[in-house]
Amino acid sequence: MRGFEREQEEVPVLLIVGLGNPGAKYTDNRHNIGFMAVDEIHRHSDFSDWKPKFQALTSEGVLSGQKTLLIKPTTFMNESGRAVGEASRYYKIPAEQVVVLYDELDLAPGKVRIKTGGGAGGHNGIRSIDAHIGKDYRRVRIGIGHPGQKERVHGHVLGDFAKSDHIWLDPLLEEIGRNADLLANGEDSSFMNKIALVTNSNEPSGAKGQASAKAKGKSHIRQARSSGPSAPLPKSGPMSDMLKKLFGGTDQN
């Protein structure tokens, strides 16, 4: 595939960055889910072979008619901004044309959220990118869940995904790859909806348990509103007046 002609670009190149740590020992770490996601985008679309450039592995292609550069920094996570900064300066890519995919502790496993700007949230890769190109880029936050205790965070993010995680992880990554065109078009809501359709049906057992607990915790009033009364309601008197208020002020048959 012919390289991008930076002098002749009329539309800025889209830069999609996956975050992770280089090296075989980190390949299956939760912290490397950004690498995994970009690999799926590469697999599902017509991109060139990976080659070293900008202190990263890079691949050129087209997404939804837009020239796109995929990169996976080969520095360690806390220096990710060096690669992003070099690529951005070389192709004159504004921050608004940069999309970064990375792991998010504060989202349940398999959940995906997209935002522009904001804080680093303790993520060293994001902090480094902020320092090199500013904060006005899009962030695709991919949930890996929180271990529950601060002292366990380091081991959690640098630990490998468990076999059971692949129930939700594999369909999630597949769907990211399949719907990268939506991401390229800035159709963030549609992209997240596609992901949600897959991940909601493949939720980890812990998330399903939490959902079940929430359902069990509904008040009697809310249960009545959703399922309706199982016996005829009184049509007059104080109880009737109260129930009419609860159920919208209409007579119940």
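Residues numbered from 1 in each chain as written. Predicted model: local features only at pLDDT ≥ 70, side-chain atom pairs only at ≥ 80, totals over all residues. Heavy atoms only, no water.

**Student:** Could you clarify how one ought to interpret helix α1 (residues 33–44) in this entry?
**Tutor:** Three or four residues apart is the spacing at which side chains of an α-helix point the same way, because the helix has 3.6 residues per turn. Taking 1.5 Å per residue, 12 residues should reach 16 Å; α1 reaches 17 Å between its end C-alpha atoms and fits that length. With 9 of its 12 residues buried, α1 lies for the most part within the structure. Where α1 is concerned, the buried positions are I33, G34, F35, M36, A37, V38, E40, I41 and H42. (Helix = DSSP H or I, 4+ residues; strand = E, 2+ residues; numbered from the N terminus. Expected span 1.5 Å × (residues − 1). Buried < 20%, exposed > 50% of the residue type's maximum accessible area, 1.4 Å probe, protein only.)

**Student:** Sorry, what's going on with the sheet that holds strand β7 (residues 138–143) here?
**Tutor:** Note on sheets: strands pair through backbone hydrogen bonds, and any given pair is parallel or antiparallel. As summarised here, the arrangement of the 7 strands in space is β2-β3-β4-β1-β5-β7-β6, forming an open sheet in which the pairing is mixed. The open sheet has two edge strands with one neighbour each: β2 (51–53) and β6 (112–116). On average, each strand axis in the sheet is inclined to that of its neighbour by 30 degrees, with strand direction left out of account. Of the pairings in the sheet, the one linking strand β1 (residues 14–18) to strand β5 (residues 98–104) comprises 4 bridges and is parallel in character. Its bridge partner lying in β5, I16 is registered against V99. Strand contacts of α1: β1, β3 (56–63), β4 (66–73), β5 and β7, with the helix running at about 145 degrees to β4, the strand carrying the most contacts. Helix-sheet contacts for helix α2 (residues 80–91) involve β1, β2, β3, β4 and β5, and the interaxial angle to β4 is about 155 degrees. (Pairing = 2+ DSSP bridges. Axes fitted to C-alpha atoms, helices over the stretch in contact; angles between N-to-C directions. Contact = heavy atoms within 4.5 Å.)

**Student:** Can you walk me through the pattern of salt bridges in this structure?
**Tutor:** Where side chains of opposite charge bring their charged atoms close, a pairing between them can arise. Counted under the stated rule, the structure contains 9 salt bridges. Salt-bridge contacts for E79 lead to R82; the nearest nitrogen and oxygen are separated by 3.8 Å. A relative accessible area of 33% means that E79 is categorised as partly exposed. The salt bridge involving R139 is made with D130; its shortest N-O contact spans 3.1 Å. (Salt bridge = Lys/Arg side-chain N within 4 Å of Asp/Glu carboxyl O.)

**Student:** Looking at this model, I keep getting lost on helix α7 (residues 188–199). Mind explaining?
**Tutor:** The terminal C-alpha atoms of α7, which comprises 12 residues, lie 16 Å apart, in line with the 16 Å expected from a rise of 1.5 Å per residue. Within α7, the full set of buried residues consists of D188, F191, I195, V198 and T199. Each buried residue of α7 lies within a common arc of 95 degrees when the element is viewed along its axis, so the set occupies one face. In this structure, α7 carries S189, N193 and L197 as exposed residues pointing more than 90 degrees from its buried face. (Arc of directions from axis to C-beta.)

Function-wise, these values are silent; they only describe arrangement.
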